[in-house]
Protein chains: 2
Amino acid sequence: MKSYREMTKEELQQEYEAMKQEYRKFQGMSLNLNMARGKPCKEQLDLSLGLMDALNSDADMCSEDGTDCRNYGVLTGIPECKRLIGDMMENDPDNIIIFGNSSLNVMFDMVSRAYSHGIMGNTPWCKLDKVKWLCPVPGYDRHFRITEYFGFEMITVPMTPQGPDMDMVEELVSSDPAVKGIWCVPKYSNPQGYSYSDETVLRFANLKPAAPDFRIFWDNAYGVHHLYPDPAKQDHLIEILGACKAAGHPDLVYKFASTSKITFPGSGIAAMATSENNLTDIKKTLTCQTIGHDKLNQLRHVRFFGDFAGMQRHMQKQADIIRPKFEAVEEIFDKNLSGLDIGTWTKPNGGYFISFDAMDGCAKEIVDKAKKAGVTLTGAGATWPYGKDPHDSNIRIAPTYPPLSDLRTAAELFTICVRLVSAEKLLQEM
Amino acid sequence: MKSYREMTKEELQQEYEAMKQEYRKFQGMSLNLNMARGKPCKEQLDLSLGLMDALNSDADMCSEDGTDCRNYGVLTGIPECKRLIGDMMENDPDNIIIFGNSSLNVMFDMVSRAYSHGIMGNTPWCKLDKVKWLCPVPGYDRHFRITEYFGFEMITVPMTPQGPDMDMVEELVSSDPAVKGIWCVPKYSNPQGYSYSDETVLRFANLKPAAPDFRIFWDNAYGVHHLYPDPAKQDHLIEILGACKAAGHPDLVYKFASTSKITFPGSGIAAMATSENNLTDIKKTLTCQTIGHDKLNQLRHVRFFGDFAGMQRHMQKQADIIRPKFEAVEEIFDKNLSGLDIGTWTKPNGGYFISFDAMDGCAKEIVDKAKKAGVTLTGAGATWPYGKDPHDSNIRIAPTYPPLSDLRTAAELFTICVRLVSAEKLLQEM
């Protein structure tokens, strides 16, 4: 197709009118579709139905060390669950704490703990005049909301296909003791589906922070969320705890994961992996905060999967369900948008999202237009701190939840909205 | 039996030697019993086994409003669970938030939230020079540990069978704006099993705090935990939210409860009930902290109990199991200690504990002696802030966990330890 930039005013006007007509057709369809959040679809959830039978009233409710999982106790998780999640996270079970159902909650609590009590004897962040936080953009809105809630100054760092701009990260982290943390989704990033390169991970591990209580918040939410069975189409990520240890900075990172997008988002298991020093520090709080998390749900997950190989087989079934959805979106974007020079999009090998970059100043209008025709997208700007995308260009596409046919319709409409809004904008500028 | 105080030195010496001999017998039994924590016993847990079948893979996983409980969403709990817990807490479902598995965690988070962000627009407590907290004593060690963790100055208030000394509470709360909260276990209190009188509850509801952000932390952990089926032997507690509203102070109280000692301590449901203003305030944090709690466990509890009447029937079965244990302890204490003037103990109608007051300066030694003969009790001092009982007299007895025969042995040993230590102490003073 011909680039919009090369079109004459007349050609562009023609295109604009054609798209207006197309758009009206969709408006007449009374659509009500949602591509806003990274939610698993019903078929994905059904894959985990066996979880509901993994512990019935006849089951042995004891963990392998004899603990009755129904009763009080066991602050950091039952051993077999630490092992399973350890395998999933590529960490030693001894470095793991199993929490409740939400890794977001674990991250919030970690920030809150540092805010009220400080990290490993350092000044509590609430006593500091300023705390700064690095936010690779576009990124995950709920991360940014935590650091906004605590009043930190969020400094945006551009993402590249290899990860955050590490020159900038190194410069900021090593020069400013007010910089206390960075949000990372290192594998199949939200929203791009990028995975940090080996060089990026090693540069993270070798950071020399000005602040002794600087920590990398490494949210490996999509660690086992490959879309393709072919290993050549699976991203690889260097394990960060090991890399930090090898670099002589064992305490530099808090690593998070959960089974929210493996079993059930509302009823999964969240975990943190970190160094012994950090664990000791965290347990001082944890022992005041709770007597223990839901051990039956831990046991239920272990009984359901058996082991990590079982979880991997399960993830392949998930991939079989959502891969066609990613491919459908890519196919429709390719068909309707390629060559037009009005947008770029990512083609991830895993994760939950596709990131779309429209022409500057168009994202909000595209999302509005889609909404008015019955398709809800993630709000434009959501991928930036404070919900403010300075370019007004990034839109997160979440293909997993709608049924495939709905998704096709939504993707078609989306491309029409992109073309309509882009043509209109270029016409105005002529 | 003759009071130790009336014994001659010779009589007391004789008693001391007799107890030493009795004690040695127990030492020879290689006991390994635990009366330390308020844990349900296996038979109690078995009553909830049906919970494990309440949601199997054939079950409808949707809440009554159509929400798929397996997926993300629903910040404050599914409606039918709010209704069930609302009935349990005697509160409108609209005033309830359902959380995860631990009410202790909910209380910790509430304090943490006030510490980092303040209550309803008031100065965050972390920005204040001093926060003071009222602690009725003896009380619950894990409450005190939260306020210790946040560095609050804990002011002890003596408990009476009608509740905390309200003259003192009123005086401190109304005169000092640094006083921000009070821990209350208003029904079948930990450790005495006292229930606050109508007058006490109404005086709480009518408090006129100097601090606008003073809150009553009303931990109604044992609200439905009666030991006796006879209503005449069931304590009654005025509902505090209603009382506060009627008194014109609707925002004065945060009320907590859980099913930890109704179904499974590790896998129950915790909840808070409070005013609309407080809920709005709390939800501002909660929406940053998590996407939602475990809705399947909420649904599981609703399906298991059906309704509150079902829960009450369930609690009667629990009572049938633990009532004989309370009665056995009381019988043995009566038999071995009454008239000796060396200790007093409570005879609660519900809850999980009996509170024992030894002669001043004897509690630690009694607990040590019991430990050396194989019976673990709650550490002496645990019922006081910082674990320091200034009288060294209070010991919390937790009769629920050991089997009845073990409990009898442990209670017998306990009384021997009390007599041994008391006789020794009185002899030293002669």
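Residues numbered from 1 in each chain as written. Chains lettered and ligands numbered in written order. Predicted model: local features only at pLDDT ≥ 70, side-chain atom pairs only at ≥ 80, totals over all residues. Heavy atoms only, no water.

S.K.: Kindly report on the overall build of chain A, identifying the contributing residues and their values.
M.R.: Helices and strands together make up the secondary structure of chain A, namely 13 helices and 13 strands. Rg of the C-alpha trace for chain A: 23 Å, near the compact-globule value of 22 Å for 430 residues, within the 12% margin. Dimensions of chain A, computed from C-alpha atoms along their principal axes, come out at roughly 75 × 55 × 35 Å. Buried residues in chain A amount to 63% of all 430 residues. In chain A, of all internal contacts separated by at least 6 residues, the share reaching a separation of at least 24 is 77%. As displayed, chain A has an accessible area near 15,400 Å², and 48% of this comes from carbon and sulfur atoms. For chain A, the separation between the mean place of its 47 positive charges and that of its 57 negative charges on side chains is 4 Å. (Helix = DSSP H or I, 4+ residues; strand = E, 2+ residues; numbered from the N terminus. Rg over C-alpha atoms; globule rule 2.2 N^0.38 Å. Buried < 20%, exposed > 50% of the residue type's maximum accessible area, 1.4 Å probe, protein only. Contact = heavy atoms within 4.5 Å. Areas by Shrake-Rupley, 256 points an atom, 1.4 Å probe, with all protein chains shown as cover. Lys, Arg positive; Asp, Glu negative; His and termini not counted. Charge placed at Lys NZ, Arg CZ, Asp CG, Glu CD.)

S.K.: Can you lay out the nonpolar core for me, pointing to particular residues and giving the numbers?
M.R.: Residues Trp183(A) and Trp183(B) are the most contacted members of the largest nonpolar core, which totals 71 residues. Excluding its chain neighbours within four sequence positions, the residues that come into contact with Trp183(B) are Met107(B), Val111(B), Trp133(B), Leu134(B), Cys135(B), Pro136(B), His143(B), Phe144(B), Ile146(B), Thr147(B) and Phe217(B). (Core = buried A, V, L, I, M, F, W, Y, C linked by side-chain atoms within 4.5 Å.)

S.K.: So what's going on with the sheet that holds strand β5 (residues 163-164) of chain B? Which residues, and what values?
M.R.: Residues and elements named next belong to chain B. Taken in spatial order, the 8 strands of this open sheet run β2-β9-β8-β7-β6-β3-β4-β5, and their pairing is mixed. The outermost strands of the open sheet, each flanked by one partner alone, are β2 (96-98) and β5. Taken together, the 4 bridges between strand β6 (residues 179-184) and strand β7 (residues 215-219) define a ladder with parallel strand orientation. Looking across to β7, one finds that Cys184 is bridged to Trp218. Seen against the sheet, helix α6 (residues 166-175) touches β3 (132-137), β4 (153-160), β5 and β6 and runs at an angle of roughly 155° to β4. The strands touched by helix α9 (residues 276-289) within the sheet are β2, β7, β8 (253-258) and β9 (270-273), with β2 carrying the most contacts at an inclination of about 25°. (Pairing = 2+ DSSP bridges. Axes fitted to C-alpha atoms, helices over the stretch in contact; angles between N-to-C directions.)

S.K.: Lay out the interface of chain A and chain B in plain terms, naming residues and giving numbers.
M.R.: Across the boundary between the two partners, chain A contributes 58 residues, which contact 58 residues of chain B. Carbon and sulfur atoms make up 52% of the area that chain A and chain B hide from each other, which totals about 5,000 Å². If you sort the residues of chain A by the area they bury against chain B, Arg70(A), Tyr72(A) and Tyr149(A) come out on top, with a joint share of 16%. One can count 2 salt bridges joining chain A with chain B. Salt-bridge contacts for Arg70(A) lead to Asp46(B); the nearest nitrogen and oxygen are separated by 2.8 Å. Applying the counting criterion to the chain A and chain B interface returns 29 residue pairs in polar contact (both at pLDDT 80 or more). Among the secondary structure elements, those contributing two or more residues to the side of chain A that touches chain B are α2 (42-46), α4 (103-117), α5 (141-149), α9 (276-289) and α10 (295-305) of chain A. (Buried area = accessible area lost by both parts, 1.4 Å probe. Salt bridge = Lys/Arg side-chain N within 4 Å of Asp/Glu carboxyl O. Polar contact = N/O pair within 3.5 Å; in protein donor to acceptor, adjacent residues only side chain to side chain.)

S.K.: Pulling in residues and values, what's your account of the sheet that holds strand β6 (residues 179-184) of chain A?
M.R.: Strand order in the open sheet formed by 8 strands is β2-β9-β8-β7-β6-β3-β4-β5 (chain A), with mixed pairing between adjacent strands. A strand with exactly one partner marks an edge of an open sheet, and here the two such strands are β2 (96-98) and β5 (163-164) of chain A.

S.K.: Run through the side chain of Asp251(B), naming residues and quoting values.
M.R.: All names here are of chain B. With respect to the secondary-structure elements, Asp251 resides in the loop between α8 (240-246) and β8. An unpaired buried charge is present at Asp251: no salt bridge exists, and Arg215, the closest side chain of opposite charge, is 5.3 Å distant. At 3.1 Å, the side chain of Asp251 and the side chain of Asn277 are in polar contact. Other than its neighbours up to four places away in sequence, Asp251 contacts Met120, Arg215, Ser275, Asn277 and Asn278.

S.K.: Mind laying out the environment of Val421(B), listing which residues take part and the relevant values?
M.R.: Residue and element names in this part refer to chain B. Among the secondary structure elements, Val421 is positioned in helix α13 (residues 404-429). For the pair Val421 and Lys208, spaced 213 residues apart in sequence, the C-alpha to C-alpha distance is 45 Å. The contacts of Val421, once residues within four sequence positions are left out, are Cys362, Glu365, Ile366 and Lys369.

S.K.: Tell me about unusual backbone geometry, and name the residues and values.
M.R.: Residues and elements named next belong to chain A. In this chain, Val137 is followed by Pro138 through a cis amide linkage whose omega measures -10°. Although it is not a glycine, Ser30 adopts a positive phi angle of roughly 50°. Along the chain, the position of Ser30 falls in the loop between α1 (9-27) and β1 (33-35). Notably, Glu90 is not glycine yet its phi reads approximately 60°, a positive angle. By relative accessible area, which is 49% here, Glu90 ends up partly exposed.

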